[in-house]
Every structure is written in structure tokens, then in C-alpha cells.
Amino acid sequence: MISLLNITKRFGARTLLADATLQVAYGDRIALIGPNGAGKTTLLEMISRKVDPDEGEVIISKSSVVGYLPQEIIQLRGRSILEEVLSASDSINQIEATLKRIEREMHETDDMKEKERLGLHYAELQIQYESKGGYDLEHQAKQILSGLSFKEANFGKKTDTLSGGWLMRIALAKLLLSQPDILLLDEPTNHLDLESVIWLENFLKGYAGAILFISHDRPFINALADRIVEIDGGKLISYTGNYDRYLAAKEEAAEIRQSTYENQQKKIEETQRFIDRFRAQATKARQVQSRIKQLEKMDKVELAQERKKVRFTFPQPERGGQEVITLEGVDKFYGPVKVYQGLNLTITRGQKVALVGPNGAGKSTLLKILAGVLPIDRGRRALGQKISLSYFSQHQLESLHPNYTLLQEMQEAHPEGAQSFLRGILGAFLFSGDDVFKQVSVLSGGEKSRLALAKMLIKPANFLLLDEPTNHLDIPSRDVLEEALKEYTGTICFITHDRHVIRGVANHIIEVDQGRVTVFPGDYDYYLYKKGKSAEAPSSSPGPSSEEKQPSLSKSEQKEQKRKEAEARNRLYREAQPLKKKIEAVEKALEEKNKAYQECMALLADPNIYQEKARFYELMERHNRLKSEIDQETAQWEKLSLEYEALSQSMTTQ
């Protein structure tokens, strides 16, 4: 599908790619990796024809359609969310518009020959429309939008009101709906919450075309990629398997190269000793010259320049009280919208808490309430004894001084710190050598995030609150942050969509969903285990909850409670049975009508049917009637199913 042949690309005096070659076949899942600035985005831009190579050729098969999701925010104006996503399928939309025009013309004309001509054209287009999935397009668009955490109630909302992160989700939804043969995705998970990342991962696993993507999300790469292509020294080096397999292969190759290098160095030293020893002896002149030529012709093995890993012990905070922060009866509203009501929560010393839950559920609001940067409307927020807190969000990057050097930023945060100590922390965050004298204004987003995190940990508070600290960080930078947070002896509450960091750092999980806060006293795997066990009986009651045991009841209270629960279950069962019968009746009718509809479509696909005008018009009328009835009954089935599901869930919680 794609061939990159001997590609060279320069920016000024810097060469990003030199004589690089890559083949992408149908069905490939390729993760493109390399340090920031290596040329990953440039490579995608060359494939999407947005940038030309200086040398070499990008060949894409003529029949292949390329779809590209860039990193930068795309401005979308004038349409609703659903309309904007549906606009991605231009060919289907054009057929639909033509069908509507023909319908009007057929209704307006009295000329039977013209009606016949229009009818034949209409039937041909209708078959095309159906084969392209036109009747299912809106349903697919809604499914994709829901997977990307858009609420159905907001599908009609204008895109003009959305933030950049939501606009990027719409751009991604449009791309997924259009189903190009080749998907080029530049950091597709950057603007997604954890649930949306998992949904996208599963969606792409079943994608028919080729996918070439850039990501710093290790679990996402592991789940999706079957090949890793690394940009290293301007070359494209391919590894079979996912990211973990790449690391293993890279380590194995490095060990082999090291062993080969050491053996060659021994051989060179032995040869050089022979030359030095016998150079002055005429009887050995021939042997000496032979060995000199041997050294000159030798293909020297060179060790790759590896990114330095600086081991650094971060300063640890002062020990605070056992109860770090307590929320009691907290209410928070945004205008008429209730986010939290009667929220009770306590975080204790040493807990490293990851907040998880769907986008818009209230995670960032909870973190801001805990940090004290967002006032509460009712209730009590109390910090424990000797608790100091520090809050990190992407807005913290704006507080960096553009004209300062990195070292000056660190000196401002810790004036009494020795320069060697400050440079040690910067080194731990991958700023080495003369990097410390760079001005903040020339740093990338990821480098600014690293600097802000380094400043936070130079003299750390004993309670850290971190909102998406991994945004814009590449994998080595995320590893540095993860190690620092593992070593940190204070208390942490953080939000991230990087499951690798959650799994590595968190020892408690708090799930936030529609004002309900559920505490899971264990790591991420424990949370997934508990969610798997409780998935069959999800709780639908509002307000705060916890995994802790509730106070025990007396025997008479337990008996009365069981009696009430049994009555409630019986009442719900009586209500559910008529619904179940209605659903079964609708399902049976739908099955029969779908069968008749398919038979009708098969007859219309026969070219000979157009010769029998009366039969053709009869089939067309039947086709349209069946389609309308199927649509109506499908909507009724969905409505009844939702009602039945709600009742069933209520029964399981009684």
C-alpha cells in the first residue's frame, strides 16, 4: 500500500531522515517511535502529502485512501457535533442528496417515461447507498461519538462552543467513520480520558485497513501494534511485535553488539601490540604491513549512543498527619448542574490515589476541590496536621518564565540549593549538559512539562495533586516521572490516561461517575478485578460509596430488610414481565420484516426486474414501506430494551 524509498528530509542544517526506507502493507499495525524531534510527525506528513521529501519517493497505491489525524487543534464551525461527523462520508452524503432530489422530481413529473427513467436511476443509487452502509451511517456515527465520551444529549450541540480537546475528538470520529484504507494517527490518545482510550484501542483492533500511529502510551502500543518502527540516527529500523517485544529485541541486540565490540577491541589491541613490538624489525616487516592493512580494512563496530539514565534520589517531604484531607457533606454545582452532593471522602498518609472514570464525570473537579483551587458550595474541606500540598496541571506551564534558563527556573524554586544539586534534578528529568542553559521559550510542550515537574519535586510538599502529568511526555520521560512518584514517600492524588503509570504508581483507585465516588483500596489490577466481578450487578444509587463494610444490622432489622427487598424484587419482576413480552414480540416482527426486506433487495438487484415496470414499482413501494417499518420498530425495540435493562439492574441491586 505504501512504499517509502530512500527518503531524506532536512530542516536547515539538521537531517531528520537519511536514505530511509519503509513498506506498509494492508492490515499492518505500526507504531512509530523515537525521541521528541526525531521526525515522527514529519514522516506522517510526508505520507499524507502535506510535506515533500528532499530526496527519495513516497509511493501510495492509486486505489488507497489515506486519512490523517494531526496533533494540532482543528477548527470546526457552523455544524452540530453529529452533522460534522456525518460530513466525513462525502460519497454517501452525495448519493443521499441525489436520492432526495430524484424523489422530488418523480413526485413533480406527470411524464410516465420520465418517471420510469428516474425510477430506474433511483433503484441503482439506492443499491449503491445500501452497499456503502448509508442506512447505517448515522448509527455508526453515534456509536463512535459515544465511544469517545460524547453524550447523546449533546449530539445536536454546535461545534463552535467546544474546546480544543473536544474538537480533536470530533476530528478523530470523522476519520474513523470515513474508514480510509490507511489511518495515520499522531498522538490519538492525547485528548482522551482513560475510558475513551480503551474504547479506541478495541475499535482499532478490529479495523480493516492499515494503521501507522505515533503514541507515548505504552499499553496502547502493546495492545495494538504488531510492528515497531524506530527512528534512530535518521534511519527507520523495524522490529516485529509490540513495544515490550521491541524492548526485549533492542536489549538482546545491544548485548550482542556489546559482545561483538569487546571481542573486536581485543583483536585490535592484540594486532596493535604486534605492530608496535615488531615495527622496527626488518624480518617482520611483511607481517607488520599485513596487520596494518588488516586494521585499516576492518569494519569497526561502534556502540550506539544511548540516552543517559541519571540515578537521582529525590528529596522527600516532611511527614504529615495520618489524615491528609477530609471532605464532609461537600456539594458542588456549576450553575444548575449538580456535580457532587453530600460527598464524603478521606485520603490518608501514604496513599497514592488514581482518579478514574469517564470524561465529564467530575475527576478534575474533585482534584481541584482537594487542591483548594475550586471553592465548594456546601460542606467541609479540612487538611490534616502538618499537611502542605502542591497542585500540578497543564496551566502550570504558563507560570514558567520564557526568558529564564532552565537552571534559573530551578534556582527560583530553590534559591538555597547548590548548582550541582539543581543540575542533578534536571539531569534526572533528562536535561543534561548545556541543556540547563536553554531558555524556557525554546522548549517543547513535553520539555516544559518535565521542567514544571522537576520544580515541583525539588522541594516537595507532602501531598501532591497531579492533573494529567504525562501529557506531552514521551515514554522515557514518563518512566522518569513514574520512578520519581514510586520513590516519593508522601501522599499523591492524580489523574492520567496512561495505564502503565497508574499500574506502576497507584495503591488506591477512586472511581468517579456522575457524582458517585467509589473507593477501591488496592492497585489498578485489583480495581479491574473488582469491576469484572461487579459488572453483572452495577449499582445505580446516587451519592458517595465505598468498598468498606457497612455497619452490621440486628437480626430483626436484617429480617425486615430482607422482607422489603423481596417485596421490591417481586414488584419489579411483575413490572418487567410485560416489557419482556413486548420486546419478544417486536423482535419476532423485526426478524420477519428483515427477512422480507432482504428478499426484496435481492429481487431489486436483478437487472431483469427493470423490464417489468409494474413489478418494479410494486417492489420499490414494498422496499420503502418495509424500511420505514423496520426503522420504527427498531427504535421501539431500543426504547423497550433500555426500560427492561433499567428494571433488571434495579432487581439485581434489591
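It should be noted that the structure appears before, not after, this text.
Nothing here was measured: the structure is a model prediction, and the numbers come from that model.

Time to look at the packing of helix α9 (residues 243-278) against helix α10 (residues 285-297). The N-to-C vectors of α9 and α10 enclose an angle of 145 degrees; their axes lie 9 Å apart at closest approach. Between α9 and α10 lies a crossing of left-handed hand. Contacts between α9 and α10 involve Lys 267, Ile 268, Thr 271, Gln 272, Phe 274, Ile 275 and Phe 278 from the first element and Gln 287, Val 288, Arg 291, Ile 292, Gln 294 and Leu 295 from the second. For the contact of α9 with α10, the class distribution of residues is seven nonpolar, four polar and two charged.

This part is about the environment of Glu 105. Along the chain, Glu 105 falls in helix α3 (residues 90-108). Here the alpha-carbon distance between Glu 105 and Leu 118, two residues 13 residues apart in the chain, equals 7.9 Å. In this structure the side chain of Glu 105 is engaged in a polar contact, spanning 2.9 Å, whose partner is the side chain of Arg 101.

Along the chain, the position of Ser 89 falls in the loop between α2 (81-86) and α3. With relative accessibility at 8%, the residue Ser 89 sits in the buried group. Along the primary structure Ser 89 and Ser 178 are separated by 89 residues, whereas in three dimensions their C-alpha atoms are 5.4 Å apart. Once residues within four sequence positions are removed from consideration, Ser 89 is found in contact with Leu 137, Leu 177 and Ser 178.

The next point concerns the side chain of Asp 498. Secondary-structure assignment places Asp 498 in the loop between β16 (491-495) and α16 (499-505). Excluding residues within four positions of it along the chain, Asp 498 makes contact with His 216, Asp 217, Pro 219, Thr 470 and Arg 478.

This model, assessed by the stated rule, comprises eight aromatic pairs. Between Tyr 243 and Tyr 246, the aromatic rings sit 5.4 Å apart at their centres with planes inclined by 45 degrees, giving tilted as the arrangement. One end of the pair is Tyr 243 and the other is Tyr 246, both in helix α9 and three residues apart, which spans about a single turn. Relative accessible area serves as the criterion here: at 8%, Tyr 243 is assigned to the buried category. Judged by relative accessible area, Tyr 246 falls into the buried class, the value being 6%. Through pairs of rings, three or more aromatic residues link up here, namely Tyr 239, Tyr 243 and Tyr 246. Over the aromatic face of Phe 274 sits the side chain of Arg 291, whose NZ or CZ is 3.9 Å from the ring centroid.

Residues three or four positions apart in an α-helix share a direction because the helix packs 3.6 residues into each turn. Taking 1.5 Å of rise per residue, 15 residues should cover 21 Å, and helix α6 (residues 164-178) covers 21 Å from first to last C-alpha, within 8% of that figure. Counted residue by residue, α6 has 11 buried out of 15 residues, so it is predominantly covered. Taken residue by residue, α6 has Gly 164, Leu 167, Met 168, Arg 169, Ile 170, Ala 171, Leu 172, Ala 173, Leu 175, Leu 176 and Leu 177 as its buried positions. On its buried face, α6 is in contact with β5 (66-69), α2, α5 (137-147), β6 (182-186) and α7 (194-205). Downstream of α6 by one or two residues, Gln 179 has phi in the positive range, about 50 degrees.

The backbone of Gln 179 sits at a positive phi, close to 50 degrees, despite the residue not being glycine. Assignment of secondary structure puts Gln 179 in the loop between α6 and β6. Unlike most non-glycine residues, Gln 514 shows phi in positive territory, near 50 degrees. On the secondary structure map, Gln 514 appears in the loop between β17 (508-513) and β18 (516-520).

Considering all chains together, one arrives at 27 salt bridges under this definition. The shortest N-O distance in the salt bridge between Arg 218 and Asp 479 comes to 2.5 Å. Of the two residues, Arg 218 is situated in helix α8 (residues 218-224) and Asp 479 in helix α15 (residues 475-487); the sequence distance between them amounts to 261 residues. Given a relative accessible area of 28%, Asp 479 falls into the partly exposed group. The network of salt bridges with common partners includes Lys 593, Arg 625, Glu 629 and Glu 633.

Each value, and the rule that gives it
- Residues numbered from 1 in each chain as written.
- Predicted model: local features only at pLDDT ≥ 70, side-chain atom pairs only at ≥ 80, totals over all residues.
- Heavy atoms only, no water.
- Axes fitted to C-alpha atoms, helices over the stretch in contact; angles between N-to-C directions.
- Helix = DSSP H or I, 4+ residues; strand = E, 2+ residues; numbered from the N terminus.
- Left-handed = near helix turned anticlockwise from the far one by under 90°.
- Contact = heavy atoms within 4.5 Å.
- Nonpolar A, V, L, I, M, F, W, Y, C, P; charged D, E, K, R; others polar.
- Polar contact = N/O pair within 3.5 Å; in protein donor to acceptor, adjacent residues only side chain to side chain.
- Buried < 20%, exposed > 50% of the residue type's maximum accessible area, 1.4 Å probe, protein only.
- Phe/Tyr/Trp six-rings, centres within 6.5 Å; stacked < 30°, edge-to-face > 60°.
- Lys NZ or Arg CZ within 6 Å of the ring centre and 35° of its normal.
- Expected span 1.5 Å × (residues − 1).
- Salt bridge = Lys/Arg side-chain N within 4 Å of Asp/Glu carboxyl O.

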